[in-house]
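# Summary of the model geometry
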Amino acid sequence: MKVGNRSYLFFIVFLFLFVLCKPVLAVKDSDKMWTTLETASGTSVFTINLPVEGCLTIIGEVNGRNKTERIWGPRFMKKGTYRLSFPESKLTNRRGTIELFNIKLTPFKETGSRGKGERQFDAPTGIDYDSSRKEILIADSGNDRIVRLGKDGRFIAKHGGFGLSYTGSKKSDESEDSLNSPYDVAAGGFSNFYISDNGNNRIAIYDSYKSYKGNLYPKKNDRRNKLNKPKGIVTDYENNIWIVDGRSDLVYKISPHSSKLLEIGGFGYSEKQLKNPTQIDVGIDGSVFIADRGKSRIAVFDRLGLYKYEIKDHLKTPTGVAVDNDGLLAVCDDTTNELSLYTPKGIRLNVLSEASNGSVFKKPSDVAICEDTIFLLDSGNHRIIHIKREKEGFIVSWQGPTTVVE
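Attention here is on the structure that accompanies the text. Small disclaimer: the values here were computed from a predicted structure and weren't measured. (Residues numbered from 1 in each chain as written. Predicted model: local features only at pLDDT ≥ 70, side-chain atom pairs only at ≥ 80, totals over all residues. Heavy atoms only, no water.)

## So, the side chain of Asn225
Within the secondary structure, Asn225 is located in the loop between β14 (212-217) and β15 (230-235). Exposure remark for Asn225: the relative accessible area of 17% places this residue in the buried category. For Asn225, the residues in contact, after removing those within four places along its chain, are Tyr217, Pro218 and Lys260. (Helix = DSSP H or I, 4+ residues; strand = E, 2+ residues; numbered from the N terminus. Buried < 20%, exposed > 50% of the residue type's maximum accessible area, 1.4 Å probe, protein only. Contact = heavy atoms within 4.5 Å.)

## Things to note about the sheet that holds strand β28 (residues 373-378)
The 6 strands are arranged β4-β3-β6-β29-β28-β27 in an open sheet whose pairing can be described as antiparallel. Strand pairing shows two members of the sheet lacking a second neighbour, β4 (68-77) and β27 (364-369), which therefore form its edges. Mean inter-strand twist for the sheet, computed between neighbouring axes without regard to direction, equals 25°. Sheet analysis places strand β3 (residues 54-61) next to strand β6 (residues 95-111), joined by 6 bridges and oriented antiparallel. Each residue of the ladder has a partner; that of Thr57, found in β6, is Glu99. (Pairing = 2+ DSSP bridges. Axes fitted to C-alpha atoms, helices over the stretch in contact; angles between N-to-C directions.)

## Some details on the nonpolar core
Counting residues in hydrophobic clusters, the biggest one holds 19 residues, and the most contacted among them are Leu105, Leu339, Phe361, Ile374, Leu376 and Ile387. Those elements that provide at least two residues to this core are β6, β24 (329-333), β25 (338-342), β27, β28 and β29 (383-399). For this core, the element with the most residues is β6, which contributes 3 residues. With near-sequence residues (within four places) excluded, Ile374 lies in contact with Leu105, Leu339, Val367, Ala368, Ile369, Ile385, His386, Ile387 and Arg389. If you look at the next biggest cluster of nonpolar residues, it comprises 16 residues, including Leu56, Trp72, Leu84 and Phe86. (Core = buried A, V, L, I, M, F, W, Y, C linked by side-chain atoms within 4.5 Å.)

## Quick look at the packing of aromatic side chains
Summed over all chains, the structure comprises 8 aromatic pairs. Aromatic side chains Tyr206 and Tyr212 sit 5.7 Å apart centroid to centroid with 70° between the ring planes, which places their arrangement in the edge-to-face category. The class for Tyr206 is buried, based on a relative accessible area of 1%. Among the aromatic side chains, those forming a connected cluster through ring pairs are Phe46, Phe86 and Trp398. The cationic tip of Lys391 hangs over the ring face of Phe101; the distance from NZ or CZ to the ring centre is 4.8 Å. (Phe/Tyr/Trp six-rings, centres within 6.5 Å; stacked < 30°, edge-to-face > 60°. Lys NZ or Arg CZ within 6 Å of the ring centre and 35° of its normal.)

## Considerations on the pattern of salt bridges
Pairs can form between side chains of opposite charge whenever their charged atoms are close. Taken as a whole and judged by the stated rule, the model has 21 salt bridges. For Asp378, the salt bridge is made with Arg383, and the minimal N-O distance between the two is 2.8 Å. For the residue pair Asp378 and Arg383, the accessibility class agrees, reading buried in each case. Through salt bridges with shared partners, a single network forms among Glu99, Asp324, Asp326, Arg389 and Lys391. (Salt bridge = Lys/Arg side-chain N within 4 Å of Asp/Glu carboxyl O.)

## Considering the sheet that holds strand β20 (residues 288-292)
Read from one edge of the open sheet, 4 strands run β19-β20-β21-β22, paired in antiparallel fashion. Of all the strands in the sheet, the pair left with one neighbour each is β19 (277-282) and β22 (307-311). Neighbour to neighbour, the strand axes of the sheet diverge by 20° on average, direction disregarded. In terms of strand pairing, strand β21 (residues 297-301) meets β22 through 4 bridges, oriented antiparallel. Along β22, the bridge assignment pairs Val300 with Tyr309.

## Focus: unusual backbone geometry
Of note, the bond from Gly73 into Pro74 is cis; its omega dihedral lies within 30 degrees of zero at 0°. The residue Pro74 is located in strand β4 in this model. Unlike most non-glycine residues, Asn276 shows phi in positive territory, near 55°. Structurally, Asn276 can be placed in the loop between β18 (260-265) and β19.

Structure representation (structure tokens):
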């Protein structure tokens, strides 16, 4: 009888400890990021536990190449456990990482003031970052020039100067390398950069040695293709050039050899048409993001010019847009005087409205991004805001199924 009571008592104590410990173990697991990958019936399923909310991205190695690609994301996700399904073929013989991250933005420096000096500007409208040379390119519209600065804001060179350059049969007394209210500048291949020369209705090509290389579009004496007050300009990952043609509410995709490949938009009230677009950027997957100022949105198209969706959250008159290396969008707005960071699907993650010295933004016009810094062109204050971009989060590895050849 005593032995039976002891056994029963031991069983009760064991059961109590089991029930007590089980939720403790579950809580411990939920505090970590982990993933499993299962494959069945041609489908691979990730089970992913997220210990905190943040942006989730699945990255995979590209077979046969020393590079990676984003398979999925970035998407903003709440804390919890999720199951994500993919075709088995998409993950077979591959490995990669799953990243959960958040971005912290901190203004730390300002460069510029109003004037004509080396690091002074007059209502600048466009900015880009040349990653090959680690330089900032600024379209200093009021001074009719392009200014090149180091990443730290030191002066490197200036290009242009006021002048009219006729692309037709007329001849100008001014040099063809002069500019008239350049609106934007984009780093291109072969150390070139392209200038959206707004007052001269052309895209001009310069190299990094101050040399004018001619017009990209339209070519000289081309009477069929015209531009009408071009604005934003960007080169994509295939070295094509995308141009916002301001007065016509159109966006053109131009090849490096000056051929027009397609056009997007045109004035109208449907979702696929534009109204007073200003700036543009293209993601690594070919998605095209247009700051459609007159419709208070970022309009999103694919690489073939097909309309996909729009981003409108908190936007009044967006003027600039840039895609970072994680696929997030930095957007500036000259009515709210804010810089916001969005997921590609339009979830706002961060917002800034002040420089490091406490002064507020005034009519920001464009934005550029490198690995660890965002450069905001604060046009109304004739300066560049340097913003530290800190990435924090978790990374776990995954290994896809292997094809066995018998």
